[in-house]
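Observations on the model geometry
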Amino acid sequence: MCNICLIENKYTFASKLTSNTKSSLRVTHRHGTCSSLTSDKATTSPDHAEILRLDQARVNSIHSKLSKKLTDRVRQSKSTALPAKDGSIFGSGNYVVSVGIGTPKRDQSLIFDTGSDLTWIQCEPCVQTCYSQKEPIFNPSSSSSYYNVSCSSAACSSLSSATGNSGSCSASTCVYGIQYGDQSFSVGFLAKEKFTLTSSNVFDGVYFGCGENNQGLFTGVAGLLGLGRDKLSFPSQTATTYNKIFSYCLPSSSSYTGHLTFGTAGISRSVKFTPISTITEGTSFYGLDIVAITVGGQKLAIAPAVFSTPGAVIDSGTVITRLPPKAYAALKDAFKAKMSQYPSASGVSILDTCFDLSGLKTVTIPKVAFSFSGGAVVELGSTGVLYAFKMSQVCLAFAGNSDDTNAAIFGNVQQQTLEVVYDGAGGRVGFAPNGCS
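Just so you know, these numbers come straight off a predicted model, no measurement behind them. (Residues numbered from 1 in each chain as written. Predicted model: local features only at pLDDT ≥ 70, side-chain atom pairs only at ≥ 80, totals over all residues. Heavy atoms only, no water.)

Okay, the overall build of the chain next. Helix and strand counts for the chain stand at 8 helices and 30 strands. The buried share among the 437 residues of the chain stands at 59%. Within the chain, contacts between residues separated by at least 24 positions form 71% of all contacts whose residues are at least 6 apart in sequence. (Helix = DSSP H or I, 4+ residues; strand = E, 2+ residues; numbered from the N terminus. Buried < 20%, exposed > 50% of the residue type's maximum accessible area, 1.4 Å probe, protein only. Contact = heavy atoms within 4.5 Å.)

The following block contains the structure:
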């Protein structure tokens, strides 16, 4: 069984496995005890410092993309040179689903990412390098439903918006290349293939990348499932069935499971929606408008322009929520005041507000809530407020941006246990509590 108590015996979350609905996939933490990947010797969990370092690299890439400052340039790796794109950083803050690909179908473990568009997997033959993965690497020659895509096709032309790099040609076949903010990359053929979510939800002719040259921090998984807003993303390609609607619940710890569900089936009636903001028009990201933060029921004195000037996005791949400097300072001060009975501890990396909770059987944590435009209010669970390195070092799970103009990012620690609904067709994102139960 996948059960755990976080911070001694104080916070216990009962998370049932998702029901076997026609469009629902089981979500596990990539390095969690419920993940099929953890038995692989090559998938040892990174430490907290590495997680936070990679998280900051992802954040930097997101900010670069949103500000359209394409200043990062890629290091040359063998014969591949690509501009940096999407901060898709694959540390320990990643969540995995299994998708069947090909005929006969081969189950592939994929990181799902709302900040990326192109879905890709490793493919045989590995012409330069492939990283270690749990399942056998996909062999397109063994699938009767695999087709390469012509470099003169509209889909090949679409690669520029989906990956930041134009498609190229190899013997009239379309070649894609994508590189992420941490210098990880995948290069290969753009192809069409059958994708099987469940036995009754099978999609023919899904565009994806069949990567024959792949390198980086993907070890253990077969590739990536792109859930962004571009027309090559998986939600866009399955729009006639699901109308660009999907939802997920990220488990409260790495020893629980959650779900990724396509379509409206099973979405809670208690979901409160907020419109997708205009900050992310023309990008992969889903934008939010934060209007207020409360701590212990008290609204923080933050001027509206502090949030509205830089804007905000929600991102499944960023671990720690980033706030504008003035907003973070207000949150930190209010939180520290309400936690004054607990001794402080030294900070770790980007987390500078920490407490020593060792020897305590119970801890009283002030509630933190975010208000978004349209009236949606999201109250965070305890695991969305504190990040525990060890009992003597438990930190406020937020960080401040380095600049007032950098977008806020609502990260996956804060999303844990929530039902998060992406309604691409309706132009809105929704939240409800207790999404994993």
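Additional details are given in the paragraphs that follow.
Here the focus is the state of the cysteines. One pass over the full model with this rule turns up 6 disulfides. Across a sulfur-sulfur distance of 2.0 Å, cysteine 126 and cysteine 130 are joined as a disulfide pair. Taking the sign of the S-S torsion, about -100° here, the bridge from cysteine 126 to cysteine 130 comes out left-handed. A relative accessible area of 29% places cysteine 126 in the partly exposed class. One disulfide bridge connects cysteine 354 with cysteine 395, the sulfur atoms lying 2.0 Å from each other. In this structure the cystine formed by cysteine 354 and cysteine 395 twists about its S-S bond by roughly 100°; its chirality is therefore right-handed. (Disulfide = S-S within 2.5 Å.)

This part is about the UniProt feature "active site" (unreviewed entry) in the chain. Mapped onto the present numbering, the UniProt feature "active site" (unreviewed entry) falls at Asp113 and Asp315. Across 203 residues in sequence, these annotated residues keep their C-alpha atoms within 7.7 Å of one another, forming a single compact spot. Within the secondary structure, aspartate 113 is located in strand 5 (residues 106-113). For aspartate 113, a relative accessible area of 1% corresponds to the buried category. Side-chain polar atoms of aspartate 113 contact the side chain of arginine 58, separated by 2.7 Å. (UniProt positions renumbered as here; feature names shortened; annotations may be inferred. Polar contact = N/O pair within 3.5 Å; in protein donor to acceptor, adjacent residues only side chain to side chain.)

Let's shift gears to the confidence of the model for the chain. Put simply, the chain has an average pLDDT of 85, and 85% of its residues get 70 or more. With pLDDT under 50 throughout, residues 1-22 is counted as low confidence; its partners more than four residues away or in other chains account for 51 contacts. Here residues 69-93 is modelled with pLDDT under 50, and outside its nearest four sequence neighbours on either side it reaches 84 contacts, counting other chains as well. (pLDDT = per-residue confidence, 0-100.)

Take the pattern of salt bridges next. It is possible for side chains of opposite charge to pair when their charged atoms get near one another. Counting across every chain of the model gives 9 salt bridges. A salt bridge links lysine 194 to aspartate 204; the shortest N-O distance between them is 3.8 Å. Taken together, the residues lysine 194 in strand 10 (residues 185-198) and aspartate 204 in strand 11 (residues 201-215) connect sequence positions 10 residues apart. Judged by relative accessible area, lysine 194 falls into the partly exposed class, the value being 23%. Among the salt bridges present, the one from arginine 428 reaches aspartate 423, with a minimum N-O distance of 2.8 Å. Given the relative accessible area of 9%, aspartate 423 is considered buried. The network of salt bridges with shared partners includes Arg58, Asp113 and Asp315. (Salt bridge = Lys/Arg side-chain N within 4 Å of Asp/Glu carboxyl O.)

Another aspect to go through is the pairing of strand 30 (residues 428-432). Across the 5 residues of strand 30, 4 count as buried, placing the element largely inside the fold. Of the strand pairs in this sheet, strand 15 (residues 272-275) and strand 30 are connected by 4 bridges, and their pairing is antiparallel. Note on strand 30: the bridge partner recorded for threonine 274 is valine 429. Sheet topology note: the strand 29 (residues 419-423)/strand 30 ladder contains 5 bridges and is antiparallel. Paired with valine 421 across the two strands is glycine 430, which belongs to strand 30. From the end of strand 29 to the start of strand 30, which pair antiparallel, there are 4 residues, and glycine 427 there has a positive phi angle of about 65°. (Pairing = 2+ DSSP bridges.)

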